[in-house]
Amino acid sequence: MKIFSRDQIYNADRLTIERQGLAAGELMERAAEASFNYIHSRLQGSPTPIVVLAGTGNNGGDGLALARHLMEHGYHVEVYMVQVRKERSPEFLQNLERLRERKCWPELLEEKGPRPELGQQHIVVDAIFGIGLNRVPDPWILELFQYINAAPSFVVSLDIASGLFLDRHTEPGQSVEAEVVLSFQFPKLPFFLPETGSSVHGWEVLDIGLDPAVLAETPAEFHWIYGDLLKPAYRGRGRFAHKGQMGHAAVLGGSTGKIGAVRLAAEAVLTAGAGKVTARTPRSGLVPLQVGLPEAMVEVDKGKDALESFALSVKPQVVALGMGMGTAAATVQAFTTFLEEKPQMPLVIDADGLNILGQNRELLDLLPPSTVLLPHPGELKILIGEWTDDFDKLEKARAFVKQYDCVLVIKGAHTLTLYRELGYFNSSGNPGMATAGSGDVLAGIVAGLIAQGYSPLDAALVGVFLHGLSGDLAVRDMGYEALRASHLIQYLGVAFRQWLQPPAPAEGQQEG
Ligand SMILES: NC(=O)C1=CN([C@@H]2O[C@H](COP(=O)(O)OP(=O)(O)OC[C@H]3O[C@@H](n4cnc5c(N)ncnc54)[C@H](O)[C@@H]3O)[C@@H](O)[C@H]2O)[C@@H](O)CC1
Ligand SMILES: Nc1ncnc2c1ncn2[C@@H]1O[C@H](COP(=O)(O)OP(=O)(O)O)[C@@H](O)[C@H]1O
Ligand SMILES: [K+]
C-alpha cells in the first residue's frame with residue numbers, strides 16, 4: 001500500500017474531485033461517513049459520551065461532519081471548536097452551518113477559558129489538525145494536547161494524530177497521543193518511525209474512494225508491505241524438485257562463545273526452503289554445529305576461536321556472513337581478501353560483518369551490487385553516522401543506499417527495507433522479537449530465499465515479512481516474554497502456510 005506525501009495527497013484529492021465531478025465537501029462527507037461507520041460498528045449505539053475537538057481547517061471540518069452523523073444516530077456528542085487560528089476553511093464553514101441547522105452550536109475553545117471534562121467514560125475525537133500542519137502549534141495548543149494526553153479518555157484521531165508533521169520531525173510531547181488514528185486512504189509516514197509512531201497506538205486506513213487511476217499512477221517513495229502484496233514473489237517448488245535445484249547457502253561467522261548465531265542462521269536457511277547449507281566457522285564450532293544441526297555441512301577454519309579465512313570449498317548461490325563473527329584482526333583481513341577477490345554470488349551481511357564494514361569504509365566500495373545489509377539501529381549508526389531524528393535518519397540511509405547500491409534492511413518495529421529510490425515498511429512482527437538471536441534468524445531466512453532464486457530485494461521483503469509473521473504466530477502460543485529466536489524458526493513453516501492462504505474476504509483495511 002502506498003504512503004503518499006502531502007503534495008501527492010492534495011493532488012489525489014483534487015484530481016478525484018475533477019474526475020468524479022464531485023461537489024465541494026463531498027470527499028469530506030465520505031471521510032466523515034467512513035469514520036462514523038468505524039465508530040458506530042464498535043459502539044453499536046451505546047450511550048458513551050463523545051467529545052469532538054475540531055480545529056478550523058478541513059480536518060476540523062471532518063470532525064464537524066462526523067459529529068453530525070453521530071448526533072443523527074442518537075449519540076451523545078459535545079462539539080468544541082478549537083480556535084487554532086482565525087481563518088476557517090470553506091468546507092469547515094459548510095459543516096458548521098449544517099450542525100447549526102440541527103441546533104448544535106459548538107463551543108469555542110480558546111487560549112483562555114475552561115477545558116472540556118474528559119473522563120474515562122469519554123471518547124475524544126481529535127480533529128484539531130490534519131496533514132495541513134506546517135508549523136509548531138502555539139503553546140496553549142500544545143498544552144491542550146497535554147491535557148488530552150493526560151486524560152483517561154479513549155482518543156480517536158482523524159487522519160493523523162494532531163500535532164504530528166507529515167514530513168518532518170515532531171518533538172516528543174508536541175502531539176496528541178491517539179489510541180487509534182482513522183487515516184484516510186493511506187497510512188502516513190510518521191506512523192512507522194519510532195519517534196513519532198509511539199504517539200499512534202493503532203491506526204486503520206479508511207477508504208474514501210479517491211480515484212483508483214490516480215492512486216495507481218502516482219509513484220510513492222514509501223510503501224506499507226503486507227502478505228498479499230508479496231505473494232507474486234513466491235517461487236514455490238516443482239513436483240520433481242531435488243535438493244540440488246533448491247539452492248545452497250553458506251553461512252560464515254561465529255567465534256568461540258558465539259557459535260549459536262551461525263547455528264540459528266543455518267537452521268533458518270534450511271527452514272526457509274533452501275536445499276543445502278554449509279556453515280563455515282572457527283574450529284570451536286565443529287562439534288556444536290554437527291551435533292546441533294545434523295542437516296548442515298560444516299567447514300572449519302584453521303583459526304580455533306575466530307575465522308581467519310573465508311575460502312569455501314563449495315560454490316553456494318549466496319553467502320550470509322557476520323553473525324557472531326567478532327572483529328578480530330585476522331577476521332577483518334579474511335573478510336577484506338574475500339571482498340577483494342570479487343565474490344560472484346549475492347551477499348547477506350549482518351552483525352559483525354556490518355561493524356567491520358563501518359570501521360573499514362573502503363570495503364563498502366567492494367560490495368557486489370544488491371548486497372543485503374541487515375543493521376539494527378546500533379549497526380546502522382556505524383554505517384551512516386549519527387542522525388538528529390528519524391527523518392534525518394531516513395535521508396542519510398537513502399543516500400547510503402544510493403552510494404553503495406545495496407539493499408538496506410533497517411531492523412526494528414516496522415523494519416524498513418530501502419533499495420534504490422524506494423522504501424518498504426514491514427507490517428508483521430512484535431516486541432517479543434526483541435530477543436537475542438532473532439536477527440541471526442532473519443539473516444538465515446533471507447539467505448535461504450536468495451538461494452532458491454528470489455532476488456535480493458524480494459528475499460529481503462519476503463524474509464522480513466515471514467520472520468515477523470512467524471513471531472506473531474509464536475507469540476500467540478508463548479507470549480512476549482518467553483519468545484526466543486529458535487521459536488521464530490519453529491513457526492516459520494506455519495508462517496509460510498498462512499502467507500500463502502487465499503486472501504480473507506475483501507477488507508481493504510490494515511490495522512497497525
Ligand atoms: N482536501 C480534501 O479534499 C480532503 C481533506 N480532508 C481533511 O483535510 C485535512 C487537511 O486539511 P487542511 O489542509 O485544511 O489542513 P488542517 O486541517 O490540517 O489544518 C488547517 C490549516 O491550519 C493552518 N496551520 C498549519 N499549522 C498551523 C499551526 N501550527 N497553527 C495554526 N494553524 C496552522 C494551515 O494553514 C492549515 O491549512 C486532512 O488531514 C483531512 O483530515 C478530508 O476531508 C478528505 C478530503
Ligand atoms: N519491537 C519490535 N517489533 C517488531 N520486530 C522487532 C521488534 N524488536 C525487534 N524486532 C525484530 O527482531 C530482530 C532483532 O534483530 P537484532 O537486533 O539483530 O537481534 P540479534 O542481534 O540479537 O540477533 C529484527 O528483525 C527486528 O526487526
Ligand atoms: K487530527
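Residues numbered from 1 in each chain as written. Chains lettered and ligands numbered in written order. Predicted model: local features only at pLDDT ≥ 70, side-chain atom pairs only at ≥ 80, totals over all residues.

Chemist: Any details on the overall build of the protein chain? Residues and values, ideally.
Modeler: A tally of regular secondary structure across the protein chain gives 18 helices and 18 strands. For 512 residues, the compact-globule estimate of 2.2 N^0.38 gives 24 Å, and the protein chain sits close to it at 26 Å. Its C-alpha atoms put the protein chain at 85 × 50 × 45 Å along the principal axes. Out of the 512 residues belonging to the protein chain, those deemed buried represent 49%. (Helix = DSSP H or I, 4+ residues; strand = E, 2+ residues; numbered from the N terminus. Rg over C-alpha atoms; globule rule 2.2 N^0.38 Å. Buried ≥ 20, exposed ≤ 12 C-beta atoms within 10 Å, placed from the backbone.)

Chemist: So what about the site of ligand 2? Which residues, and what values?
Modeler: What surrounds ligand 2 is a group of 17 residues, the closest being His 376, Ala 413, Gly 429, Ala 434 and Gly 439. Among the elements that make up the shell around ligand 2, the one with the highest residue count is helix H15 (residues 438–451) (four residues). (Near = placed C-beta within 6 Å.)

Chemist: Report on the pairing of strand E9 (residues 222–225), specifying residues and quantitative values.
Modeler: In regular strands, side chains alternate between the two faces of the sheet. Where strand E1 (residues 2–3) meets E9, two bridges bridge the pair, whose relative direction is antiparallel. Across the sheet, residue Ile 3 finds its bridge partner in E9, namely Phe 222. Across four bridges, E9 lies against strand E18 (residues 422–426) in parallel orientation. Within E18, the position partnered with Ile 225 by the bridge is Asn 426. (Pairing = 2+ DSSP bridges.)

Chemist: Quick rundown of the domain arrangement of the protein chain? Include the residues and the values.
Modeler: Domain boundaries assigned for the protein chain yield domain 1 (2–219) and domain 2 (229–500). Using C-alpha coordinates to define each centre, domain 1 is positioned 41 Å away from domain 2. Tallying the contact residues gives seven residues for domain 1 and seven residues for domain 2. (Domains from an automatic or database assignment. Contact = placed C-beta atoms within 7 Å.)

Chemist: Help me get a handle on the packing of helix H3 (residues 58–72) against helix H4 (residues 90–101), residues and values and all.
Modeler: Where H3 contacts H4, the axes come no closer than 8 Å and their chain directions differ by 20°. When the axes of H3 and H4 are compared, the pair comes out roughly parallel. Seen along the crossing, H3 lies across H4 with a hand that is left-handed. Here Asn 58, Gly 60, Gly 61, Leu 64, Ala 65, Ala 67 and Arg 68 of H3 lie close against H4, whose contacting residues are Glu 91, Phe 92, Asn 95, Leu 96, Arg 98 and Leu 99. (Axes fitted to C-alpha atoms, helices over the stretch in contact; angles between N-to-C directions. Parallel < 35°, antiparallel > 145°, perpendicular 65-115°, else oblique. Left-handed = near helix turned anticlockwise from the far one by under 90°.)

Chemist: Run through the nonpolar core, naming residues and quoting values.
Modeler: In terms of nonpolar packing, the biggest core is built from 158 residues, with Val 52, Val 251, Ala 265, Val 269, Val 348, Val 446 and Ala 447 touching the most fellow members. If one sorts the elements of this core by residue count, helix H16 (residues 456–482) sits on top with eleven residues. Per-domain counts for this core show at least three residues from each of domain 1 (2–219) and domain 2 (229–500). In this structure, Val 269 is in contact with Ala 249, Val 251, Ala 274, Val 277, Gly 444, Ala 447, Gly 448 and Ala 451, ignoring residues within four places of it in sequence. (Core = buried A, V, L, I, M, F, W, Y, C linked by C-beta atoms within 7 Å.)

Chemist: An account of the packing of helix H2 (residues 26–43) against H3 is requested, with residue identities and associated values reported.
Modeler: Two elements in contact, H2 and H3, have axes separated by 8 Å at closest approach and are oriented at 55°. In terms of axis orientation, H2 runs oblique to H3. With respect to the hand of their crossing, H2 and H3 are arranged in right-handed fashion. For the pair H2 and H3, the contacting residues are Met 28, Glu 29, Ala 31, Ala 32, Glu 33, Ser 35 and Phe 36 in the first and Asn 58, Gly 61, Asp 62, Ala 65, Leu 66, His 69 and Leu 70 in the second. Looking at the contact of H2 with H3, its residues break down into seven nonpolar, four polar and three charged. (Nonpolar A, V, L, I, M, F, W, Y, C, P; charged D, E, K, R; others polar.)

Chemist: Provide a residue-level description of the UniProt feature "binding site: K(+)" (unreviewed entry) in the protein chain, including the pertinent values.
Modeler: As recorded in UniProt, the feature "binding site: K(+)" (unreviewed entry) lies at Asn 59, Asp 126 and Ser 162. A maximum C-alpha distance of 9.3 Å places the annotated residues, which cover 104 residues in sequence, within one compact spot. Tracing the backbone shows Asn 59 in helix H3. For Asn 59, the contacting residues outside a window of four places in its chain are Ala 127, Ile 128, Phe 129, Gly 130, Gly 132, Leu 158 and Asp 159. With respect to the helices, strands and loops of the structure, Ser 162 is situated in the loop between strand E6 (154–158) and strand E7 (180–184). (UniProt positions renumbered as here; feature names shortened; annotations may be inferred.)

Chemist: Which residues make up the site of ligand 1, and what values go with them?
Modeler: Close contacts around ligand 1 come from 25 residues, with Gly 57, Asn 58, Asn 59, Gly 130 and Gly 132 the closest. Residue assignment for the shell around ligand 1 shows that the elements contributing at least two residues are H2 and H3. Counting residues per element, the shell around ligand 1 draws most heavily on H3, at four residues. Split by residue class, the shell around ligand 1 holds eleven nonpolar, nine polar and five charged.

Chemist: Pulling in residues and values, what's your account of helix H11 (residues 329–340)?
Modeler: In an α-helix, one turn spans 3.6 residues, which is why side chains three or four residues apart end up on the same side. Spanning twelve residues, H11 covers 16 Å between terminal C-alpha atoms, matching the ideal 16 Å at 1.5 Å per step. Those residues of H11 lying buried are Thr 331, Ala 334, Phe 335, Phe 338 and Leu 339. What you see down the axis of H11 is that its buried residues fit within an arc of 130°, all on one side. Exposed side chains of H11 directed beyond 90 degrees from the buried face belong to Ala 329, Thr 337 and Glu 340. Among the structural elements, helix H12 (352–359) are those in contact with the buried residues of H11. Downstream of H11 by a residue or two, Lys 342 has a phi angle that is positive, lying close to 55°. (Expected span 1.5 Å × (residues − 1). Arc of directions from axis to C-beta.)

Chemist: Can you tell me about the confidence of the model for the protein chain, naming the residues and giving the values?
Modeler: Chain-level pLDDT for the protein chain is 96 on average; 98% of the residues reach the 70-or-more range. Low pLDDT, under 50, characterises residues 508–512; the predicted model gives this stretch 15 contacts beyond four residues in sequence or across chains. With a pTM of 0.94, the predicted complex shows an ipTM of 0.91. (pLDDT = per-residue confidence, 0-100.)

Chemist: Explain the sheet that holds strand E4 (residues 107–109) to me, and be specific about the residues and the numbers.
Modeler: The strands making up a sheet associate through backbone hydrogen bonding, with each pair oriented either parallel or antiparallel. On the basis of which strands lie adjacent, the open sheet formed by seven strands has the order E4-E3-E2-E5-E6-E7-E8 and parallel pairing. Pairing within the sheet leaves two strands with one partner each, and these edge strands are E4 and strand E8 (203–206). Ignoring strand direction, the axes of neighbouring strands in this sheet form an average angle of 25°. With three bridges connecting them, strand E3 (residues 77–82) and E4 associate as parallel partners. Bridge pairing in E4 places Val 82 opposite Leu 109.

Chemist: Would you mind going over the pairing of strand E17 (residues 416–419) in detail, with residue names and values included?
Modeler: Residues of E17 alternate between two faces, with Leu 416 and Leu 418 on one and Thr 417 and Tyr 419 on the opposite face, all of them buried. Bridging between strand E16 (residues 407–410) and E17 involves four bridges; their strand directions are antiparallel. Bridge assignment links Ile 410 to a residue of E17, and that residue is Leu 416.

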